[in-house]
Amino acid sequence: MRVFKKKVLLSNQTWMKKRRRRERPKPWSQVDNIPPDVTLEILSRLPPKSIMRHRCVSKLWSYLTSLPSFINSFTSRSTSRPPTLMVTLSSESAKYVLFFPTTPKPSSYSPLYSYEITNLDWKDSRSESIHGLILTPVFKIWNPTLRQFLALPHPPAQHSSSRGWSSYLGYDPLECRHKVLCVVSKIYSGQPLILTLGAQESWIIISEGRCPIHRPTGGYGRCVNGILYYRACLLGDDQEIIMSFDVKSENFNNIKLPEGSSQLYMIPYEGRVALVAHDYHVVKLYILKDAHGHEWKSFIFNVPSERVRM
């Protein structure tokens, strides 16, 4: 009888322990009880590597770190930190991404962190880093800091790859929005496509008459202070020009190149778009002063010939 009572007592105690264990809240189940604004504030102060690791904590955290408001907040905080230099190395099957400090100690040049991208379906990008995002040739947006890829919807049939296309990534600093501009490149067209990155992504065709009939002539675009610039030719004119696209208003404008200029390389310079040309030991810099007046300010630098050869 005593043995039976002892067994019953032990079984009751075991049952109570299991019940308390089931009812005890798990530590990781309490993260969703933190107010979202507090969670966002905490996550925005973490380094990118920690953010990616904490995305696995809960679905809520994964959702919060994907919000445009969080990305903008994270980016604004990142601009106050010392900038980093991103270097990419590519092989046949992978791309290696390394981040280096821009102010390293003389004795240390090791990367801050690095990672590898496998199953690569592209090699070269179609844009520089535009406010933290990069456009790839396969219509994917790459966020190298958060190690994320976003597949974009492909353009409609009339903008199929058989007709050729050039795509550019721009950023509007006033409304904090990225937009992708797609222009047919093999024929002249006056109806480019625009896609705004966000919750509902779909291509919008620019109405006829709003954009000069032109075709891109190759090369990367440059986005400077909300204006996207790329090289193009107008219909009926073989002279190359620069086409500008206001990312916010979605208005186009053509800009004539400086007279006597050739083999120009487009760069951002002190908040303006600029062109660089070199001829042996002479380097010419053209800075756009007035886009509507096609006015450029030029500077000439003489460089020793041995330096140019180097």
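So, here is what we can say about the structure in this document. Residue numbers run consecutively from 1 along every chain, following the written order of its sequence. A pLDDT threshold of at least 70 governs which residues receive local features in this predicted model, and a stricter bar of 80 or more applies before side-chain atom pairs are shown or counted, although totals over entire chains, interfaces and linings include all residues. Water and hydrogen atoms play no part in the side-chain values, which are based on all heavy atoms of the structure.

**As for the pattern of salt bridges**
Right, on to step 1. Definition used for salt bridges: Asp or Glu carboxyl oxygen within 4 Å of a side-chain nitrogen of Lys or Arg. As enumerated under the stated definition, the model contains six salt bridges in all.
Right, on to step 2. With a closest N to O distance of 3.7 Å, Glu-128 and Arg-222 form a salt bridge. Of the two residues, Glu-128 sits in the loop between β3 (113-117) and β4 (134-135) while Arg-222 sits in strand β12 (residues 222-224), which places them 94 residues apart along the sequence.
Right, on to step 3. You can call Glu-128 partly exposed: its relative accessible area is 35%.
Right, on to step 4. Across the pair Lys-289 and Glu-295 runs a salt bridge, and its minimum N-O distance is 3.9 Å. By the criteria applied, helices consist of DSSP H or I runs no shorter than four residues and strands consist of E runs no shorter than two, each listed in order from the N terminus. For every residue, the accessible area obtained with a 1.4 Å probe (protein chains only) is divided by the maximum for its type, and the residue is called buried under 20%, exposed over 50%, and partly exposed between those limits.

**Digging into the pairing of strand β1 (residues 84-90)**
Right, on to step 1. Two strands qualify as a pair provided that DSSP identifies no fewer than 2 bridges between them. As paired strands, β1 and strand β2 (residues 95-101) are joined by seven bridges and run antiparallel to one another. Across the sheet, residue Leu-85 finds its bridge partner in β2, namely Phe-100.

**Looking at the sheet that holds strand β8 (residues 177-184)**
What holds strands together in a sheet is hydrogen bonding between their backbones, with the strands either parallel or antiparallel.
Right, on to step 1. The four strands are arranged β7-β8-β9-β10 in an open sheet whose pairing can be described as antiparallel. Edge positions in the sheet fall to β7 (165-172) and β10 (204-205), since each has one partner strand and no second.
Right, on to step 2. Relative to β10, strand β9 (residues 193-196) runs antiparallel, the two being bridged by two bridges. What sits directly across from Leu-193, in β10, is Ile-205.

**Considerations on a nonpolar patch on the surface**
Right, on to step 1. Residues enter patches when they are more than 30% accessible in relative terms and free of salt bridges; like-charged ones are connected within 9 Å and nonpolar ones (Val, Leu, Ile, Met, Phe, Trp, Tyr) within 5 Å. Per-residue and other accessible areas were derived by the Shrake-Rupley procedure at a 1.4 Å probe size, with only the shown protein chains allowed to occlude residues. Where nonpolar side chains cluster on the molecular surface, the patch consists of Ile-34, Val-38 and Ile-42 and spans about 220 Å² of accessible area.
Right, on to step 2. Note on placement: Ile-34 falls in the loop between α1 (2-23) and α2 (36-44).
Right, on to step 3. Judged by its relative accessible area of 31%, Ile-34 falls in the partly exposed class.

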